[in-house]
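Structural characterization, general
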Amino acid sequence: MAKKSITSELMYRLLVQSVKDYAIYLLAEDGTVLNWNAGAQRAKGYKAEEIVGKNYECFYSKKDREQGVPRRNLELARRYGHFATEGWRYRQDGTAFWASVALDAIHDEDGDFIGFAKVTRDLTDQRSSEQRFRFQALHDGLTGLPNRVGLGEHFEIQFPQITYGSRIALHYVDLDRFKPVNDMFGHLVGDEVLCEVARRLETVAGLHGVAGRLGGDEFAILQFNSPSQSDIAAMANDIVAAMNRPIEIGAHTANIGASVGVAIAPQDGDEIPALYRSADQALYRAKSEGRNCVRFYDMSMNEVALARSLLELKLRHAASTCDFQLAYQPLVDGRSQEILGYEALLRWVDQTGVSVSPAEFVPVAEKLGLMPQIGEWVLRTACRDAAAWAPHLTIAVNLSATQLRGEGLADLVGSILASTGLAAHRLELEITETAILEDLESASGTLRSVRDLGVGIALDDFGTGFSSLALVRALPLTRIKIDRSFVADLDGEDGCAAVVQSVIALCRGYNLTAVAEGIETERQREVLLASDCLIHQGFLYGRPGPVEIEDFQRTA
Ligand code: C2E
Ligand code: CA
Ligand code: CA
């Protein structure tokens with residue numbers, strides 16, 4: 001028995017050692033080189049005694065090392081059992097070669113993980129520079145997945161099957177919360193998150209499909225082998241589930257989530273651009289119906305897309321002529337019902353006389369880059385109107401994400417206050433958590449300069465987003481507005497009063513004023529007053545509309 005094992009061990013050793021075309025060696029868990037064969041010496045130039053005991057990172061470029069690529073590749077091989085790629089590696093003398101690399105996690109008889117087997121092949125001669133260039137042109141440099149063009153090639157290869165009645169599904173994946181993670185934890189962590197997303201999508205795609213990265217935080221899977229409707233739904237749901245699992249990068253945990261739009265060839269498009277268009281429309285639906293879900297393309301989406309383009313066209317026109325109105329909704333002292341000020345709410349009546357809700361058109365204007373311009377009009381108009389009101393009345397103006405991102409917000413606010421003659425303490429800007437998180441650092445800097453002018457800052461819709469304490473602490477806030485969804489729940493018997501109460505307690509702790517919005521019933525008013533939330537807004541007190549002069553003559 002013992003003799004046999006020595007023989008087979010010897011056989012393996014001879015086999016590995018004598019192979020000259022492949023570098024075959026073992027790595028410890030941390031990437032330390034454990035042994036070395038003739039192929040490895042030939043490919044990389046190091047003798048066994050020069051490299052055994054060193055970390056395999058030295059085969060990578062400086063840039064790859066700085067970006068943590070060697071470590072990441074080990075992690076991926078460990079997690080998924082196998083990892084393969086192509087790319088530039090470096091010899092001892094510093095010269096580069098084009099390598100095909102495979103890493104396998106290895107386990108002992110008890111199943112315990114002990115390290116990695118690595119096989120590298122020098123393909124510099126086999127692959128012409130044209131082919132290497134081609135590989136790079138078809139793959140995403142960060143994740144190693146096929147890019148848009150690469151996916152297109154996979155589609156073309158499978159396409160002939162369609163004429164025999166086969167189907168191909170395109171799952172268009174958009175990450176729901178990548179940007180805030182990237183901004184909060186930094187780009188290096190962001191890159192690692194994208195790589196982890198890529199690996200998870202590869203796992204979901206498995207043997208029946210191919211995952212690719214379309215750019216930014218957009219990915220896709222092409223599903224082959226003529227999947228049935230339920231196969232397709234199963235894969236789409238697997239994608240959402242895989243993206244819902246938290247991603248741990250070092251000390252950080254990222255909760256990303258994803259929305260998926262699905263289109264199927266040939267019925268929803270028989271070439272790749274048409275298929276992308278259909279999947280994109282389905283994705284748009286998934287995102288507008290709450291994200292973190294799957295939607296399949298259907299014909300009605302074409303009409304929706306058409307209506308959207310029409311809306312965009314009309315909105316561009318309205319923005320160029322500032323063809324909007326402001327409605328003012330009172331903020332009142334809940335006890336005395338005295339009006340304390342107003343919130344300016346944007347109104348747009350399009351040329352056909354249809355009134356479009358800001359909840360619908362503000363995101364579109366934002367996407368079209370029209371919001372800085374429209375927002376400036378809102379700010380100027382609201383301040384000018386308020387300057388004509390009784391001097392104790394305040395004016396609250398909603399800010400959009402792009403206004404926060406722009407450089408000159410504080411200058412703009414300062415110059416509008418000066419030109420309208422409105423006292424700074426009468427103005428309050430309302431911001432949402434999602435708008436801030438798009439770029440926390442620059443937003444909090446911008447807000448600080450605005451606050452320094454004496455202008456108030458309210459955190460709007462509190463409780464619906466991240467509701468992070470860190471955010472409340474980091475921003476120069478004066479108020480928190482409790483979202484109306486919590487106020488609406490105050491009618492019931494359940495625990496939503498607890499949410500409201502904890503926000504009120506938070507405000508007390510940080511010396512902020514709690515404002516409740518969306519108050520519609522007497523009961524909501526009473527519960528809020530009993531909880532010491534005194535500033536109220538809602539249909540119970542007044543709907544958005546024009547400000548009547550007697551409104552404040554009555555209260556002045
Ligand atoms: P918001 O800032 O949370 O504004 C409050 C919304 O709640 C308004 O909807 C208002 O009409 C509505 N509302 C007020 N009281 C009640 C109530 O008692 N019950 C119910 N059910 N609703 C109530 P509106 O005017 O449709 O605005 C929707 C959103 O559009 C706003 O939410 C805000 O996020 C955005 N928006 C409005 N004007 C502007 C603006 O000038 N700039 C920006 N960036 N966003 C704006
Ligand atoms: Ca608001
Ligand atoms: Ca609000």
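Keep in mind that this is a model prediction, so the values were computed, not measured.

Another aspect to go through is the pattern of salt bridges. Where charged atoms from two side chains of opposite charge come close, those side chains can pair. A full pass over the atoms with the stated rule returns 22 salt bridges. Among the ionic pairs, arginine 199 bridges to glutamate 202, the shortest N-O distance being 2.8 Å. With arginine 199 and glutamate 202 both in helix α9 (residues 187–205) and three residues apart, this pair spans about one turn of that helix. For glutamate 202, a relative accessible area of 38% translates into the label partly exposed. Ionic pairing is found between arginine 380 and glutamate 376, a salt bridge with its closest N-O pair at 3.0 Å. Placement of both arginine 380 and glutamate 376 in helix α14 (residues 371–387) is noted, with a separation of four residues, approximately one turn of the helix. When its relative accessible area of 30% is taken as the criterion, glutamate 376 is described as partly exposed.

Within the protein, the calcium ion (ligand 2) binds to Glu343 (OE), Asn398 (OD1), Glu430 (OE) and Asp460 (OD); these donor distances fall in the range 2.1 to 2.3 Å. In the primary structure, the donors to the calcium ion (ligand 2) are separated according to the pattern E-x54-N-x31-E-x29-D. The distance between the calcium ion (ligand 2) and the calcium ion (ligand 3) comes to 4.0 Å, and aspartate 460 binds to both of them. Of the two residues, glutamate 343 sits in strand β13 (residues 339–349) while glutamate 430 sits in strand β16 (residues 427–432), which places them 87 residues apart along the sequence. Looking at glutamate 343, the relative accessible area reads 4%, which means it is buried. A relative accessible area of 1% means that glutamate 430 is categorised as buried.

A separate point is the domain arrangement of the protein. A common way to express how large an interface is: the accessible area buried when the components associate. Entries for the protein in the domain assignment read domain 1 (2–128), domain 2 (139–298) and domain 3 (308–555). Measuring from the centre of the C-alpha atoms in domain 1 to the corresponding centre in domain 2 gives 31 Å. Carbon and sulfur atoms supply 49% of the area that domain 1 and domain 2 bury against each other, a total of about 660 Å² over both sides. When the buried area of domain 1 at its contact with domain 2 is split by residue, Arg72, Leu76 and Tyr80 rank highest and sum to 60% of it. In this assembly, domain 1 and domain 2 are joined by zero salt bridges. Taken together, domain 1 and domain 2 are joined by one residue pair in polar contact (both at pLDDT 80 or more). Among the elements that make up the side of domain 1 that touches domain 2, the one with the highest residue count is helix α5 (residues 69–80) (five residues). Counted by class, the side of domain 1 that touches domain 2 contains three nonpolar, no polar and three charged residues.

Along the chain, asparagine 147 falls in the loop between α6 (129–138) and α7 (148–158). In terms of polar contacts, asparagine 147 uses its side chain to reach the backbone carbonyl oxygen of alanine 137, at 2.7 Å. Ignoring any residue separated from it by four or fewer positions in sequence, one finds asparagine 147 in contact with Ala137, Leu138, His139, Asp140 and Arg213.

Turning to the environment of alanine 263, a few remarks are in order. Assignment of secondary structure puts alanine 263 in strand β10 (residues 258–265). The spacing of alanine 263 and threonine 434 is 171 residues in sequence and 30 Å in space, taken between C-alpha atoms. Setting aside anything within four residues of it in sequence, one finds alanine 263 in contact with Ile168, Ala169, Leu170, Asp268, Leu275, Ser278, Ala279 and Tyr297.

Coordination of the calcium ion (ligand 3) by the protein involves Asp460 (OD), Asp461 (OD), Glu517 (OE) and Glu517 (OE), with metal-donor separations of 2.1 to 2.6 Å. Here the donor residues for the calcium ion (ligand 3) map to a single chain with the spacing D-D-x55-E. Its relative accessible area of 27% is what places aspartate 461 among the partly exposed residues.

Moving on: the state of the cysteines. Evaluation of the coordinates by the stated rule reveals zero disulfides. Cysteine 383 carries a free sulfur, and the closest cysteine sulfur to it, the one in cysteine 322, is 15 Å from it.

With that settled, consider the environment of leucine 368. Relative to the helices and strands, leucine 368 resides in the loop between α13 (358–367) and α14. A relative accessible area of 16% places leucine 368 in the buried class. Setting aside residues up to four positions removed in sequence, leucine 368 forms contacts with Glu312 and Arg316.

Time to look at the packing of aromatic side chains. Considering all chains together, one arrives at 18 aromatic pairs under this definition. Relative to phenylalanine 59, the ring of tryptophan 36 lies with its centre 5.8 Å away and its plane at 25 degrees, an arrangement referred to as stacked. Taken together, the residues tryptophan 36 in the loop between β1 (22–27) and α2 (38–44) and phenylalanine 59 in the loop between α3 (48–51) and α4 (62–66) connect sequence positions 23 residues apart. Overall, tryptophan 36 belongs to the buried group, its relative accessible area being 9%. Taking 5.6 Å as the distance between ring centres and 40 degrees as the angle between the ring planes, the aromatic pair formed by phenylalanine 155 and phenylalanine 159 counts as tilted.

Definitions and cut-offs
- Residues numbered from 1 in each chain as written.
- Chains lettered and ligands numbered in written order.
- Predicted model: local features only at pLDDT ≥ 70, side-chain atom pairs only at ≥ 80, totals over all residues.
- Heavy atoms only, no water.
- Salt bridge = Lys/Arg side-chain N within 4 Å of Asp/Glu carboxyl O.
- Helix = DSSP H or I, 4+ residues; strand = E, 2+ residues; numbered from the N terminus.
- Buried < 20%, exposed > 50% of the residue type's maximum accessible area, 1.4 Å probe, protein only.
- Donors = N, O, S within 2.8 Å, 3.2 Å for Na, K, Ca; no water.
- Domains from an automatic or database assignment.
- Buried area = accessible area lost by both parts, 1.4 Å probe.
- Polar contact = N/O pair within 3.5 Å; in protein donor to acceptor, adjacent residues only side chain to side chain.
- Nonpolar A, V, L, I, M, F, W, Y, C, P; charged D, E, K, R; others polar.
- Contact = heavy atoms within 4.5 Å.
- Disulfide = S-S within 2.5 Å.
- Phe/Tyr/Trp six-rings, centres within 6.5 Å; stacked < 30°, edge-to-face > 60°.

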